Amino acid sequence: MKKAESRRQESATVVSPLMRANFGGQGIQNWKGLTLKKGAIMAEYDFDMGVIGGGAAGLTITAGAAQLGAKTILVEKEKALGGDCLYFGCVPSKTLIRSAHVYHFMKNAGDFGLPTVDLPPVDYRAVAKRIQSVIS
């Protein structure tokens, strides 16, 4: 097997359709979802700055720089923007914590001078479905 064949093929999408929809009106270049393969020779482009990663920080920096007039490019290897915070960390965990708080308040309604309620056990599938709806 040749060395080139043994390399894992990776690609990166330059400014995804979601990025164009969210930030297109803020001065970010309107790219057509150009996909670059690892090791590909790239044509020259003229940008003031490039941002690697379309997570919370990357999106904020790219949008801010574009609003200030900088020609910016955002490179993200995943198909969707948002990063770990949106899909695996901050948003799902905060949604789960909020659901737990609401359940706790319902279970302890009597402590607030409200009628007590006999609650069934938590249906985690329903909570997981709510988390997915918040992410979407």
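Reference entry: report on the structure contained in this document. Computed from a prediction, not measured in an experiment: that's the story for all the values here.

### Details of the layout of surface pockets
Now for step 1: Of the voids in this model, the largest pocket is the one considered here, and its volume is about 230 Å³.
Now for step 2: What lines the largest pocket is a set of 14 residues, and nearest its centre among them are Ser99, Tyr103, Val122, Asp123 and Val127.
Now for step 3: At the level of secondary structure, the elements contributing two or more residues to the lining of the largest pocket comprise helix H5 (90-107) and helix H6 (124-135).
Now for step 4: Sort the elements by how many residues they give to the lining of the largest pocket and H5 lands first, with five residues.

### Digging into the packing of H5 against H6
Now for step 1: Contact geometry of H5 with H6 gives a least axis separation of 9 Å together with a crossing angle of 135°. Here H6 runs oblique to H5, going by the angle between their axes. Pair H5 / H6 crosses with right-handed handedness. Residue-level inspection shows Val91, Pro92, Thr95, Leu96 and Ser99 of H5 in contact with H6, the latter providing Tyr124, Val127, Arg130, Ile131, Val134 and Ile135.
Now for step 2: Taken together, the residues of the contact of H5 with H6 sort by class into eight nonpolar, two polar and one charged.

### Some thoughts on the side chain of Glu76
Now for step 1: Tracing the backbone through its elements, the reader meets Glu76 in strand S4 (residues 72-76).
Now for step 2: For Glu76, the side chain forms a polar contact with the main-chain nitrogen of Gly54, separated by 2.5 Å.
Now for step 3: At 2.9 Å, the side chain of Glu76 and the backbone nitrogen of Glu78 are in polar contact.

### Some remarks on H5
Residues spaced three or four apart along an α-helix point in a common direction, a consequence of the helix completing one turn every 3.6 residues.
Now for step 1: Taking 1.5 Å per residue as the helical rise, H5 with its 18 residues ought to reach 26 Å, and the 26 Å between its terminal C-alpha atoms agrees with that figure.
Now for step 2: Within H5, burial applies to Pro92, Thr95 and Ser99. Buried residues in H5, looked at end-on, bunch into an arc of 65°, giving them a common side.

Criteria and thresholds
Residues numbered from 1 in each chain as written. Predicted model: local features only at pLDDT ≥ 70, side-chain atom pairs only at ≥ 80, totals over all residues. Heavy atoms only, no water. 1 Å grid on protein atoms, 1.4 Å probe; cavity = no way out; pocket = protein on both sides within 12 Å on 5 of 7 lines; lining within 4 Å. Points joined across faces, edges and corners; volume = space filled by probe spheres on them. Helix = DSSP H or I, 4+ residues; strand = E, 2+ residues; numbered from the N terminus. Axes fitted to C-alpha atoms, helices over the stretch in contact; angles between N-to-C directions. Parallel < 35°, antiparallel > 145°, perpendicular 65-115°, else oblique. Left-handed = near helix turned anticlockwise from the far one by under 90°. Contact = heavy atoms within 4.5 Å. Nonpolar A, V, L, I, M, F, W, Y, C, P; charged D, E, K, R; others polar. Polar contact = N/O pair within 3.5 Å; in protein donor to acceptor, adjacent residues only side chain to side chain. Expected span 1.5 Å × (residues − 1). Buried < 20%, exposed > 50% of the residue type's maximum accessible area, 1.4 Å probe, protein only. Arc of directions from axis to C-beta.

Remember that the coordinates give geometry; whether it matters functionally is a separate question.
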